[in-house]
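What follows is each chain in one-letter form.
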Amino acid sequence: MIILTPLKTFQFPIHAECVNPDVFQGKSMKEIASLTVWEGNKKKKLGDLFKIEETSAETPNITINGDVSEVRRVGQGMKTGEIVINGNAGMHLGEKMAGGKITVNGNAAGWTGSSMKKGLIEIHGDAGDYLASPYRGSTAGMKGGAIVVDGNVGSDSGCYLRGGTIIVKGNAGPFLGFHISKGVIYVEKNAGNRLGASMTGGKIVVSGAVDELMPTFTVDGVKKKVKIDDNFKAEGPFYVFLGDLAEHGNGKLFVSQPSNPQLSAIYDKYL
Amino acid sequence: MTEMLIKNGFVFDPLNGINGEKMDIAIKDGKIVESVNDSRAKKIDATGLTVMPGGVDVHTHIAGAEVNTGRMIRPEDHVKDVVRKTALTRSGTGYSIPSTFVTGYRYSKMGYTTVMNPSMAPLGAKHTHEELNDIPLLDKATFPLLGDWWFVLENLQRDDLEGCARHIAWMMETTKGYAIKIVNPGGLESWGFGRNVHSIDDVVPNFDITPREIVCGLAKVNKMLNLPHTIHLHTNNLGIPGNYVTTLETMKALESVPNDGKPICHITHVQFSSFAGDNWGNMRSAAEEISRYINNHNHMTFDMGQIIFSDTTTMTADGPFEFTLYQLSGHKWVNSDVETETSGGIIPMHYKRTSAVNATQWSIGLELALMVKDPWKIFMTTDHPNAGPFFEYPKIIAWLTSRKARMATLKKCHKKAQKKSLLPSIKRELSLYELAIVTRAGQAKALGLKNKGHLGVGADADVAIYNINPETLDIAKKYITARKAFDSAAYTIKDGEIVVKDGEVVQNVPGRTMWLDVKTTEQLKVDEEMKRKFKDYWTVEYENYPVFDHYVKVPEAIPVKADV
């Protein structure tokens, strides 16, 4: 196991896609220390910025102790192994990851798990904007795997989701699940406006209150429980909405009935 | 100025009938000459290498409003293809739509020296020329879209071909253009009213005129003006199953235009115009019908518009067609009606082997190129970036020259497309000589570029040298080696200067922008009526409309004497 500790408080963004169990695999301490990272526009070695130690423990493969909120692209494209970050993580954490596990004991910044294909990301704090969403303009959203956030998530999370599960135990910002076509998003507390805009498939489940419900969704019924994954069913009752009709969508939006009394005046008559 | 001698290469120069002869090419002052002073000249040892004229591309969207809008709506296209700057070259981004400088570098690395930007809304001419100025290492020209331009429609409606000709001569100077481009004739004007034309005899709203009259009229006008290139036509109903009937009708209609045995029309990206069937489910190749017609007639030339399986961006003046694509894919899109001139649309497109339609399209392009017997009639393009980015040309070269290569790709395609494809029955493999025709000589001839596409005395010293020894390398068998050789030229020489060596840019030279200075006996009178129309119908005043001389950094005016 490799332990990385920042040698200073970073002032500039660090691009460190080499911090990845697949890259570290089979490398000596010296080789790891000489991997390339970028600090702002300066090319540096990993050993210049981090204290690198090795312990005999097998897992996790990489532990980062300290605040690395300026360190971007950690675990990008990783396929196996485990990374634990004891502190705040930077942008693009686990982007395009295809396996393995990342745990953050702190907050994560934007684009965490962007376009991921497989694996698990656990964030025991808040996540930033664009959680699991693809790069701007791209439609290649998260395809599989799971992301669990204990705290809140920012705006535009889970955009273009094509598979996998996102579980948020706090609140979600606006544009949650924009344009999703498959997969599941669960929010335990409240969700912001434009919820599920342009969705064409998949499931979004909100146990808390919603800021607004877009007029392009139509109510379909009430359901007591909704399956989130194999181990977990969300307790309702939930209004079931279908949409986004503006996109001829066939997505399902489940919104808690008891947490949203304002909806009953509008939708109950259609049930 | 510099003298250069390319020694001992295997020269393929179809316009002069040279087929792999071992010979020297002498260059002086940027031109090919008979001989140079042996002691003074810089020598390039081309022993065991293939020497061809610099590549010519008859149809590639590299500059202008559409291209730039395509860049703007696709940040994800940029992030996946980033080019760093070097001491000599500039940085850039973009996979399907590379930025201007990278476009120049990438073409040059493949041995290309002349490219044609085939679609320019006259209103966007200034922008187009500004971008062309920024594309280094290549000679360029651009074709204004005139098929739905109101003055053309009005003149043709009155059957005043001479008036139309004078207008077009004026437009060539005004937009610094090179040829008449026609896109979905009549359809673009109709699109302004949310409609389209569906056959060549549909009437264009508000103008009592049909696509047939537009195409034939402009072909006649083109001839009256003696323009070096023919009309450059994107057919009606493009990209719609069953459209090959329209394509055949268009070609038959053009038989009525006198042609003296020479081509009078170039149908571009003919792959998109050769679909049979009546819906996307039973869409199949019409390559057999189209190629049979082409083999029996000599009044047309074509280019392939070959599909490359990639995530690319489609962009065309054919607004209604792009709207159809949007309805199919649901992707982000841009669509516009360019005032009184044309329309436009852009939508990203991912061509997949696993899609029956895309795989059939891929097959159609190759079937056409291989079933048309005369290589002087059909040229290699991808209609960049519509069917794929231009820097994937080496892949097409491999498919054309090696049956093994195309069968390997076909095997990975959708089963339904495999079953319908005619490729397994086609044995033909293009030789290096034929390849030189479809990638440079034929294109230069069709474009009427007298100094391009060949290595005869007096030609521009644009030369491509590839690391292929025709005596030892069988490109049909070792297609991957050949593909790599065509991907990065051993040398690219532009105007007598080495600009690329071993696939790396080693020198920057600006390219020229060619435009037609058409001299008519009687010039167009820009009268008050015409100025009034500019005031009433355009957002740009007449006085600000023309591309002034200073817009074109390195201009090359080609004088043309018209018959009117």
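Residues numbered from 1 in each chain as written. Chains lettered and ligands numbered in written order. Predicted model: local features only at pLDDT ≥ 70, side-chain atom pairs only at ≥ 80, totals over all residues.

1. Digging into the overall build of chain A
Turning to step 1, where the next piece is worked out: When you go through chain A residue by residue, the secondary structure sums to four helices and 17 strands.
Turning to step 2, where the next piece is worked out: Principal-axis analysis of the C-alpha atoms places the extent of chain A at approximately 70 × 35 × 25 Å.
Turning to step 3, where the next piece is worked out: In chain A, which comprises 271 residues, the share counted as buried stands at 50%.
Turning to step 4, where the next piece is worked out: A fraction of 37% describes how many contacts in chain A between residues 6 or more apart in sequence connect residues 24 or more apart. (Helix = DSSP H or I, 4+ residues; strand = E, 2+ residues; numbered from the N terminus. Buried ≥ 20, exposed ≤ 12 C-beta atoms within 10 Å, placed from the backbone. Contact = placed C-beta atoms within 7 Å.)

2. Observations concerning the overall build of chain B
Turning to step 1, where the next piece is worked out: Across its full length, chain B holds 18 helices and 26 strands.
Turning to step 2, where the next piece is worked out: Over its C-alpha atoms chain B spans a radius of gyration of 22 Å, differing by no more than 12% from the 24 Å that the globule rule assigns to 564 residues.
Turning to step 3, where the next piece is worked out: Once the C-alpha set of chain B is aligned to its principal axes, its extents read approximately 65 × 55 × 50 Å.
Turning to step 4, where the next piece is worked out: Across the 564 residues in chain B, those meeting the buried criterion constitute 56%.
Turning to step 5, where the next piece is worked out: Long-range pairs, those at least 24 residues apart, make up 78% of the contacts in chain B with a sequence separation of at least 6. (Rg over C-alpha atoms; globule rule 2.2 N^0.38 Å.)

3. Looking at the sheet that holds strand β19 (residues 342-350) of chain B
All names here are of chain B.
Turning to step 1, where the next piece is worked out: A sheet is described by the order of its strands in space; here three strands give the open sequence β17-β19-β18, paired in antiparallel fashion. With one partner strand each, in any of the chains shown, β17 (311-316) and β18 (334-338) form the two edges of the open sheet. Direction aside, the axes of adjacent strands within the sheet are offset by 10 degrees on average.
Turning to step 2, where the next piece is worked out: Across the face of the sheet, helix α1 (residues 65-73) comes into contact with β17, β18 and β19 while running at roughly 40 degrees to β19.
Turning to step 3, where the next piece is worked out: Lying on the sheet, helix α11 (residues 319-329) is in contact with β17, β18 and β19; it crosses β19 at an angle near 30 degrees. (Pairing = 2+ DSSP bridges. Axes fitted to C-alpha atoms, helices over the stretch in contact; angles between N-to-C directions.)

4. Description of the domain arrangement of chain B
All names here are of chain B.
Turning to step 1, where the next piece is worked out: According to the domain assignment, chain B consists of domain 1 (3-53 + 455-505) and domain 2 (55-447).
Turning to step 2, where the next piece is worked out: Put simply, the middle of domain 1 and the middle of domain 2, counted by C-alpha atoms, are 29 Å apart.
Turning to step 3, where the next piece is worked out: Between domain 1 and domain 2, the residue contacts involve 28 residues of the former and 28 residues of the latter.
Turning to step 4, where the next piece is worked out: Of all the secondary-structure elements, those providing two or more residues to the side of domain 1 that touches domain 2 are β2 (18-28), β5 (50-53), β21 (463-466), α17 (479-487), β22 (491-494) and β23 (497-501).
Turning to step 5, where the next piece is worked out: Among the elements that take part in the side of domain 1 that touches domain 2, α17 stands out by supplying five residues, more than any other.
Turning to step 6, where the next piece is worked out: Split into classes, the residues belonging to the side of domain 1 that touches domain 2 amount to 17 nonpolar, six polar and five charged. (Domains from an automatic or database assignment. Nonpolar A, V, L, I, M, F, W, Y, C, P; charged D, E, K, R; others polar.)

5. Thoughts on the packing of helix α6 (residues 161-175) of chain B against helix α8 (residues 211-224) of chain B
Residues and elements named next belong to chain B.
Turning to step 1, where the next piece is worked out: Interhelical geometry of α6 versus α8 gives an angle of 65 degrees and a closest axis separation of 9 Å. By the angle between their axes, α6 is roughly perpendicular relative to α8. When you trace α6 past α8, the crossing you get is right-handed. On α8, the residues touching Leu 161, Cys 164, Ala 165 and Ile 168 of α6 are Gly 217, Lys 220, Val 221 and Met 224.
Turning to step 2, where the next piece is worked out: A class-by-class count of the residues in the contact of α6 with α8 yields six nonpolar, one polar and one charged. (Parallel < 35°, antiparallel > 145°, perpendicular 65-115°, else oblique. Left-handed = near helix turned anticlockwise from the far one by under 90°.)

6. Quick word on the sheet that holds strand β4 (residues 42-45) of chain A
Residue and element names in this part refer to chain A.
Turning to step 1, where the next piece is worked out: A sheet is described by the order of its strands in space; here four strands give the open sequence β4-β3-β2-β7, paired in mixed fashion. At either margin of the open sheet sits one strand with a lone partner, and together these are β4 and β7 (71-72).
Turning to step 2, where the next piece is worked out: Bridge analysis of strand β3 (residues 36-39) against β4 gives four bridges, and the strand direction is antiparallel. Considered in β4, the bridge of Val 37 is made with Lys 44.

7. Observations concerning the nonpolar core
Turning to step 1, where the next piece is worked out: Core analysis: the biggest nonpolar cluster contains 157 residues, and B:Val51, B:Ile168 and B:Ile465 have the highest contact counts within it.
Turning to step 2, where the next piece is worked out: The greatest single-element share of this core, amounting to nine residues, is contributed by helix α16 (residues 432-447) of chain B.
Turning to step 3, where the next piece is worked out: Taken domain by domain, the makeup of this core includes at least three residues from each of domain 1 (3-53 + 455-505) and domain 2 (55-447) of chain B.
Turning to step 4, where the next piece is worked out: Ignoring sequence-local partners within four residues, the contact set of B:Val51 consists of B:Ile6, B:Gly9, B:Phe10, B:Val11, B:Ile25, B:Ala46, B:Val463 and B:Ile465.
Turning to step 5, where the next piece is worked out: Counting 76 residues, the second-largest nonpolar core is a separate cluster that includes A:Phe24, A:Ile102, A:Leu161 and A:Leu213. (Core = buried A, V, L, I, M, F, W, Y, C linked by C-beta atoms within 7 Å.)

8. Considering unusual backbone geometry
Residue and element names in this part refer to chain A.
Turning to step 1, where the next piece is worked out: Here the bond from Thr 59 into Pro 60 is cis, since omega is -10 degrees, no more than 30 degrees from zero.
Turning to step 2, where the next piece is worked out: Counting through the fold element by element, Pro 60 comes out in the loop between β5 (50-54) and β6 (62-65).
Turning to step 3, where the next piece is worked out: Omega for the peptide link from Gly 243 to Asp 244 comes to -5 degrees, which places this bond in the cis form.
Turning to step 4, where the next piece is worked out: Here Asp 244 lies in the loop between β16 (232-243) and β17 (251-256).
Turning to step 5, where the next piece is worked out: In this structure, Asp 156 is a non-glycine residue whose phi angle is positive, near 55 degrees.
Turning to step 6, where the next piece is worked out: Relative to the assigned elements, Asp 156 resides in the loop between β11 (146-149) and β12 (162-168).
Turning to step 7, where the next piece is worked out: By the C-beta count within 10 Å, which is 22 here, Asp 156 ends up buried.
Turning to step 8, where the next piece is worked out: One non-glycine residue, His 248, lies in positive phi territory at about 50 degrees.

9. Focus on the interface of chain A and chain B
Turning to step 1, where the next piece is worked out: Taken residue by residue, the interface counts four residues in chain A and four residues in chain B.
Turning to step 2, where the next piece is worked out: Residue composition of the side of chain A that touches chain B, by class: one nonpolar, two polar and one charged.

10. Some details on α6(B)
All names here are of chain B.
Turning to step 1, where the next piece is worked out: Its 15 residues place the ends of α6 20 Å apart at the C-alpha level, agreeing with the 21 Å of an ideal helix rising 1.5 Å per residue.
Turning to step 2, where the next piece is worked out: All buried positions along α6 are accounted for by Cys 164, Ala 165, Arg 166, His 167, Ile 168, Ala 169, Met 171, Met 172 and Thr 175.
Turning to step 3, where the next piece is worked out: Those residues of α6 hidden inside the fold are in contact with β9 (112-120), α4 (125-133), β10 (139-144), α5 (150-157), α8 and β25 (513-519).
Turning to step 4, where the next piece is worked out: A positive backbone phi angle near 50 degrees is found at Lys 176, which sits one or two residues after α6. (Expected span 1.5 Å × (residues − 1).)

11. With respect to the environment of B:Pro546
Turning to step 1, where the next piece is worked out: Considering the arrangement of structural elements, one finds B:Pro546 in the loop between α18 (528-537) and β26 (555-561).
Turning to step 2, where the next piece is worked out: Owing to 18 C-beta atoms within 10 Å, B:Pro546 belongs among the partly exposed residues under this scheme.

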